[in-house]
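So you can see what is in the structure, the chains are spelled out below.
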Amino acid sequence: MGLLTIGTFAKASRLSPKALRLYDELGLLTPARVDPVTGYRLYAPEQLDRARLVAWLRRLGMPLARIQEVCTLEAGQASQEIRAFWAQVEADTAARRDLATLLIDHLSQKDPAMSPTATPLEIRYAALSDTGLVRKSNQDTAYAGPRLLAVADGYGSQGAPASAAAVAALKHLETGSIPAGNLLNVLEDAIEQAKQAVHGAAGGGSSPEEAGTTLTAMFWTGSQLALVHIGDSRGYLLRDGELFQITHDHTMVQSMVDEGRLSPEEAASHPQRSLLIRALSQGADAIADMRLHDAQQGDRYLLCSDGLSTAVSTGETRRVLSEIGEPEQAVRELIALANGSGGPDNVSCVVADVMELQQ
């Protein structure tokens, strides 16, 4: 078979002539020959496979620059890149889904603080932070109050003041009133205030490496817990004896697990497992995950720094949360378990129980 005209090639590849001209200009799909007199682009039949791959990748929404990279790879490597791209799309979609839920509540003037429940509820809580057995100082901050629960894990030379500043910036939520339907804006403002507070703790002119912190916090509305999360501190929910992780680690290693490049087992021992891709730090990506959790009587929430989650198994954490009734005793036992495993890092825990309001 001879060379194909651009019209014939467009039909066979399911790409428009306009798209083919663009891909030629970008060097993504160069014609086999260009007629020197007419300027017509002519394509070889063996170029169809690449053209069809480009068409399918465009339908996936992959950017042209990334398509160009994929087309240079062997089949096995190309499939890994497509898997990684789609994992990121799904993660982005999940984050937007959470935001859409908050927006729907906001625009429908649903006030979580006034949502009716069959039984008036409150939270019973405890917070504890410990240096551990290896570190010389504690860069974690843990806080629990009637409306605010928070854990921050600082890093860098100014990690301790950074984590303290981030949590302190949220404490006005304990007493401030929230107008109906305004929870989304309040959470957004709180994250921005925390980011500015961290920058201030670093002296305003320090490099991004000198101060930063994770932040995982929950705000009690009276019937729901609003979560804001950035970094690799974690939130868990114990409900009906089952323990669920309700946050997603913002680390390089976790992104590699999401993309299928690493197994969870490989990630647990990866030398860069603590490398953050989101944090409260000057110059860092500070976009926080936000979502609402409807409260049920008997729920137990745990917020913790990675000093717990990397040292104590999920099974042991679930056992403690299931068996120990008082939040204060539970946080002490969890920290004791982390230190019993060598205490390699600072460890902070907040435990909060959803219970019937005591009159």
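Reading the values: rules and limits
Residues numbered from 1 in each chain as written. Predicted model: local features only at pLDDT ≥ 70, side-chain atom pairs only at ≥ 80, totals over all residues. Heavy atoms only, no water. pLDDT = per-residue confidence, 0-100. Contact = heavy atoms within 4.5 Å. Helix = DSSP H or I, 4+ residues; strand = E, 2+ residues; numbered from the N terminus. Polar contact = N/O pair within 3.5 Å; in protein donor to acceptor, adjacent residues only side chain to side chain. Pairing = 2+ DSSP bridges. Axes fitted to C-alpha atoms, helices over the stretch in contact; angles between N-to-C directions. Buried < 20%, exposed > 50% of the residue type's maximum accessible area, 1.4 Å probe, protein only. Lys, Arg positive; Asp, Glu negative; His and termini not counted. Salt bridge = Lys/Arg side-chain N within 4 Å of Asp/Glu carboxyl O. Core = buried A, V, L, I, M, F, W, Y, C linked by side-chain atoms within 4.5 Å.

Here the protein shows a mean pLDDT of 87. Residues at 70 or above account for 90%. Contacts for the low-pLDDT stretch residues 111–117, under 50 throughout, to residues beyond four places or in other chains number 10 contacts.

What follows concerns the environment of D353. In this fold, D353 is placed in strand β14 (residues 347–356). Ignoring anything within four residues of it in the chain, the contact list for D353 reads E122, I123, R124, D299, R300, G325 and P327. At a separation of 2.5 Å, a polar atom in the side chain of D353 contacts the side chain of R300.

On the basis of which strands lie adjacent, the open sheet formed by 5 strands has the order β4-β14-β13-β10-β11 and antiparallel pairing. Of all the strands in the sheet, just β4 (121–130) and β11 (242–245) have a single pairing partner and so form its edges. Taken pair by pair, the neighbouring strands of this sheet meet at an average axis angle of 20 degrees, ignoring direction. With 5 bridges connecting them, strand β10 (residues 234–239) and strand β13 (residues 300–304) associate as antiparallel partners. Bridge pairing in β13 links Y236 to L302.

What follows covers the side chain of D140. For D140, the location among the structural elements is in strand β5 (residues 140–144). Of the side chains bearing the opposite charge, R135 lies closest to the buried D140, which forms no salt bridge; the N-O distance is 7.4 Å. Within polar-contact distance, the side chain of D140 engages the side chain of S305 at 2.8 Å. For D140, the residues in contact, after removing those within four places along its chain, are S129, A152, D153, G154, S163, S305, N346, V347 and S348.

On to the nonpolar core, then. L170, L173, A194, L215 and L280 are the most contacted members of the largest nonpolar core, which has 30 residues in total. Of all the secondary structure elements, the ones that give two or more residues to this core are β6 (148–155), α6 (159–168), α7 (183–201), β8 (215–220), β9 (224–230) and β12 (289–294). Element by element, the count of residues in this core is highest for α7, at 8 residues. Setting aside anything within four residues of it in sequence, one finds L280 in contact with A166, I191, A194, K195, V198, G212, T213, L215, I230 and A286.

As a further point, take the sheet that holds strand β2 (residues 33–34). Within the open sheet, the 3 strands sit side by side as β1-β3-β2. Their pairing is antiparallel. Each edge of the open sheet is held by one strand with a lone partner, namely β1 (4–5) and β2. Direction of pairing for β1 relative to strand β3 (residues 41–43): antiparallel, over a ladder of 2 bridges. Considered in β3, the bridge of T5 is made with L42.

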